[in-house]
Amino acid sequence: MHLKNLLRPAVGKRMRSARIILLVSVLGLVPCLAASGGPALSTICTNRISGTWNFGSSPSACNVSPLQSPGLVKSEYGVVLFDDAQISTGGRARYMSEMYPVLRDMAKYYIHRRNPQVSLTEEEGFATALFTLANQESVWTHYRLGKDGIVRYMRGDNLHGFGIMQIDDRSHQAAVKTGKGTDLVDNMVFGLDIFYSAWVKSAKAACVSSPGNYKDRARTAWSAYNGGMGSLCRWTNANSKFAIQDREFNSRYNAQAWRHFVADLKAPSQLDVGCLAEGVGPCGSGKKLPLPQVVKLVEAPLAMASLGVQIPYRFMRECAGQSCAYIHGALRAGSQVAILSESGAGWVQVQSQSDGQTGWIKRSELSEVEP
Amino acid sequence: MKIWHLAITLGLAIVCGWWLNSQQPAPKSAIRAHLVTRGLHIPMKGLTISGARGPAEDKPEEIIKIPRSIKEYVGELDRLKTCYGRACAYPVSDPRSYELAVGQDLKKVLFQMAEWVRSEGIDAHEVSEKAREFLTSDDGFVQSAALDLISTQRPSADNLDAILANVLAGYDSELIEHAMLELERYESRAEYDKIDQALAQALTTGAPFVAREVSEHLTPFVNERSFLFFQDVVAHLATQSASRINLETCLSDFQRKHTSGG
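How each quantity is defined
Residues numbered from 1 in each chain as written. Chains lettered and ligands numbered in written order. Predicted model: local features only at pLDDT ≥ 70, side-chain atom pairs only at ≥ 80, totals over all residues. Heavy atoms only, no water. Helix = DSSP H or I, 4+ residues; strand = E, 2+ residues; numbered from the N terminus. Buried < 20%, exposed > 50% of the residue type's maximum accessible area, 1.4 Å probe, protein only. Polar contact = N/O pair within 3.5 Å; in protein donor to acceptor, adjacent residues only side chain to side chain. Expected span 1.5 Å × (residues − 1). Phe/Tyr/Trp six-rings, centres within 6.5 Å; stacked < 30°, edge-to-face > 60°. Lys NZ or Arg CZ within 6 Å of the ring centre and 35° of its normal. pLDDT = per-residue confidence, 0-100. Contact = heavy atoms within 4.5 Å. Disulfide = S-S within 2.5 Å. Core = buried A, V, L, I, M, F, W, Y, C linked by side-chain atoms within 4.5 Å. Salt bridge = Lys/Arg side-chain N within 4 Å of Asp/Glu carboxyl O.

Engineer: How would you explain the side chain of B:Ser151 if you had to name every residue and give the values?
Structural biologist: Residues and elements named next belong to chain B. Summarising the element assignment, Ser 151 is placed in the loop between helix 5 (140-150) and helix 6 (157-168). A relative accessible area of 9% places Ser 151 in the buried class. A polar side-chain atom of Ser 151 sits 2.7 Å from the main-chain carbonyl oxygen of Asp 148.

Engineer: Any chance you could break down helix 8 (residues 214-227) of chain A for me, citing the residues and the numbers?
Structural biologist: Residues and elements named next belong to chain A. In this model helix 8 runs 20 Å from its N-terminal to its C-terminal C-alpha over 14 residues, within 8% of the 20 Å that 1.5 Å per residue would give. Where burial is concerned, most of helix 8 is hidden: 13 out of the 14 residues are buried. Directly beyond the C-terminal end of helix 8, a positive phi value near 95 degrees is found at Gly 228.

Engineer: Quick rundown of the packing of aromatic side chains? Include the residues and the values.
Structural biologist: This structure, assessed with the given rule, holds 24 aromatic pairs over all chains. When the centroid spacing of 6.3 Å and the interplanar angle of 35 degrees are considered together, the rings of A:Phe195 and A:Trp199 count as tilted. With A:Phe195 and A:Trp199 both in helix 7 (residues 184-202) and 4 residues apart, the pair spans about one turn of that helix. As far as the burial class goes, A:Phe195 and A:Trp199 line up, both buried. Positioned above the aromatic ring of A:Phe162, the side-chain terminus of A:Arg155 is 3.9 Å from the ring centre. A cation over an aromatic ring shows up here: B:Lys81 above the ring of B:Phe134, its NZ or CZ 5.6 Å from the ring centre.

Engineer: Tell me about unusual backbone geometry, residues and numbers included.
Structural biologist: Residue and element names in this part refer to chain A. Going from Pro 59 to Ser 60, the amide bond is cis rather than trans, its omega being -5 degrees. Going from Ser 65 to Pro 66, the amide bond is cis rather than trans, its omega being 10 degrees. Mapped onto the fold, Pro 66 is located in the loop between strand 1 (61-63) and helix 3 (70-77). You will see that Trp 140, though not glycine, has its phi angle at about 55 degrees, which is positive. Note on placement: Trp 140 falls in the loop between helix 5 (120-138) and strand 3 (143-145). Positive phi, normally seen in glycine, also occurs at Gln 256, with a value near 45 degrees.

Engineer: An account of the confidence of the model for chain A is requested, with residue identities and associated values reported.
Structural biologist: Residue and element names in this part refer to chain A. Residue-level pLDDT values for chain A average 81, and 76% of them are 70 or greater. Averaged over each element, pLDDT in chain A is lowest for helix 1 (residues 3-6) (36) and highest for helix 5 (98). Below a pLDDT of 50 lies the segment residues 1-15, which in the model reaches 14 contacts outside its immediate sequence neighbourhood of four places, other chains included.

Engineer: I'd love a proper account of the state of the cysteines, names of residues and values included.
Structural biologist: Residues and elements named next belong to chain A. For the coordinates displayed, the defined rule picks out 3 disulfides over all chains. Here Cys 207 connects covalently by a disulfide to Cys 233, the sulfurs 2.0 Å from one another. Its S-S torsion of about -80 degrees marks the bond between Cys 207 and Cys 233 as left-handed, since a negative value means left-handed. Taken together, the residues span a long stretch of sequence, with Cys 207 in the loop between helix 7 and helix 8 and Cys 233 in the loop between helix 8 and helix 9 (243-255) at a distance of 26 residues. Cys 207 gets classed as buried once you look at its relative accessible area, which sits at 14%. By relative accessible area, Cys 233 is classed as partly exposed at 25%.

Engineer: Give a detailed account of the environment of B:Arg154, specifying residues and quantitative values.
Structural biologist: All names here are of chain B. Topologically, Arg 154 is positioned in the loop between helix 5 and helix 6. Separated by 30 residues in sequence, Arg 154 and Ala 124 have C-alpha atoms that sit 8.9 Å apart. Other than its neighbours up to four places away in sequence, Arg 154 contacts Asp 123 and Asn 159.

Engineer: Quick one: what's the story with the nonpolar core, residue by residue and with numbers?
Structural biologist: Residue and element names in this part refer to chain A. Counting residues in hydrophobic clusters, the biggest one holds 136 residues, and the most contacted among them are Tyr 77, Met 106, Trp 140, Phe 195 and Trp 199. Those residues within four positions of Phe 195 in sequence are excluded, and the remaining contacts are Phe 126, Ala 129, Leu 133, Ala 218, Ala 221, Trp 222 and Tyr 225. Counting 8 residues, the second largest nonpolar core, distinct from the first, contains Ala 303, Ala 305, Val 350 and Leu 366.

Engineer: An account of the pattern of salt bridges is needed here, citing residue identities and associated values.
Structural biologist: If the charged atoms of two oppositely charged side chains come close together, the side chains can form a pair. Residue and element names in this part refer to chain B. Counted by the stated rule, this structure contains 24 salt bridges over all chains. Salt-bridge contacts for Glu 133 lead to Lys 81; the nearest nitrogen and oxygen are separated by 2.9 Å. With Glu 133 in helix 4 (residues 125-135) and Lys 81 in helix 2 (residues 70-82), the pair connects residues that are 52 residues apart, well separated along the chain. According to the relative accessible area criterion, Glu 133 is partly exposed, its value standing at 24%.

The following block contains the structure:
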């Protein structure tokens, strides 16, 4: 709606009053929203595209950059980069045939990493649970190459969900900021860290008939993955607000729709999942480790100080967005910091001289302040 | 259009602006004594905070009371914890929103309590008990605040066990650096052994990101007593893994310093 139409006098007085109220409210909200700092960094999405609720292309997707290099995705993960231009020429089946062994190998790598004595039946149960989880969360969607040539990754749940495992930025903002939601293997490992915790708990859950009932365990662990550990047995409650999601998970577990697309269930993965997950290349063609960020020290701080000896250590707090509670670095007693600014209420913004990180701490926790 | 329509609307806009501004951490702005700067966890006397925010744009309406004693802090934490099991005034817009919002308020009160306990120099078993209780949370925000609270207290066997069982054996790698700094405060032989075992467990069968984080902060734990122990651990790690490379680097650094007398 255009602004000038809001004030158009052709309508009745009541309607005009309503429009003026609406306009004033909108104008009033502009500074409000500006003051609120806008959306959290992690929810920023550029070059967003939609998609279809089908394997490999579920909506929506955002540019992988700047969280990951498009070139790296193409070179390292090219085999599981869903190409929007190839949908009509068998692209979906090719994608699924490549993604299936990646998920299968990831399930195997992960459960053996956590429990080297795991039985073959549990390994298979865990793999089926992961196939279903990925179906439920993202319809096996992660990387997508748009018809415009831009490399994207899947974002769902009002942009809060990242990638194939739908890592939620509200719970895991720090991980998302460092790219763990964007990189396919990191995304799977991060999601499995949470899912496996629920999987272990599910063995003793009241709603699971026996530890060997892997379908019940998958349903239990997914309820917790979706709703938190307090929701372990949510799937048994037909009156739950989220019962429909739990029923969908069950249907997907039974249907195993991915099988229809996969040409050879025993085909090897073209990605060395275990190597990629351990974070050290080269893995086949070689995954590059992210370069450590070099933070420049402020050249002319207000003062220099060291942390009070009476305090073993303190944590600086980042005040970006709407939260100051995010811990991102540690300072030991005696650590040197530069004072960058003061709040006037006992808090000072400091920069660690060892790693360049900035944050806010209480002034009373500083000693030996030198101008 | 009556003038009072406009006045009400403008009033609403101003209130909205004030409210949203009050969510801003921006410590540069003067913090008046009667206002609460939410993110900085400064306890204020005799106040209630309304409209406490959950993560991101969630806007729960649960009222948080600002406690002024251990008893009041414990009471407020207990009250908020019961919200996990009953319907408090938090949004249920998606499966996680409610629990996340409860966790955000718990985190806030725990951080406030830590700040208060630290500034008052309080060392009391009730504080450690609460910290341990919330260290078992599966919400990383709550755990981080509980870890902050536990670090205000003297080391104890129970606190050590809680850190090892809930953080080192957990899956939130963001907590590891803090936890390992806390572990450095434990200095008895029995505690060392317990810590070494837990570190080895985290490295070998722990959550992969936790293992990697542990391996990056091992230096203070590698010494003459533990050197051979950690050398054995290397053999249990994947040949091509960040954890193994970090541990090997740490061991060779120690060996080099030890042999050169540094």
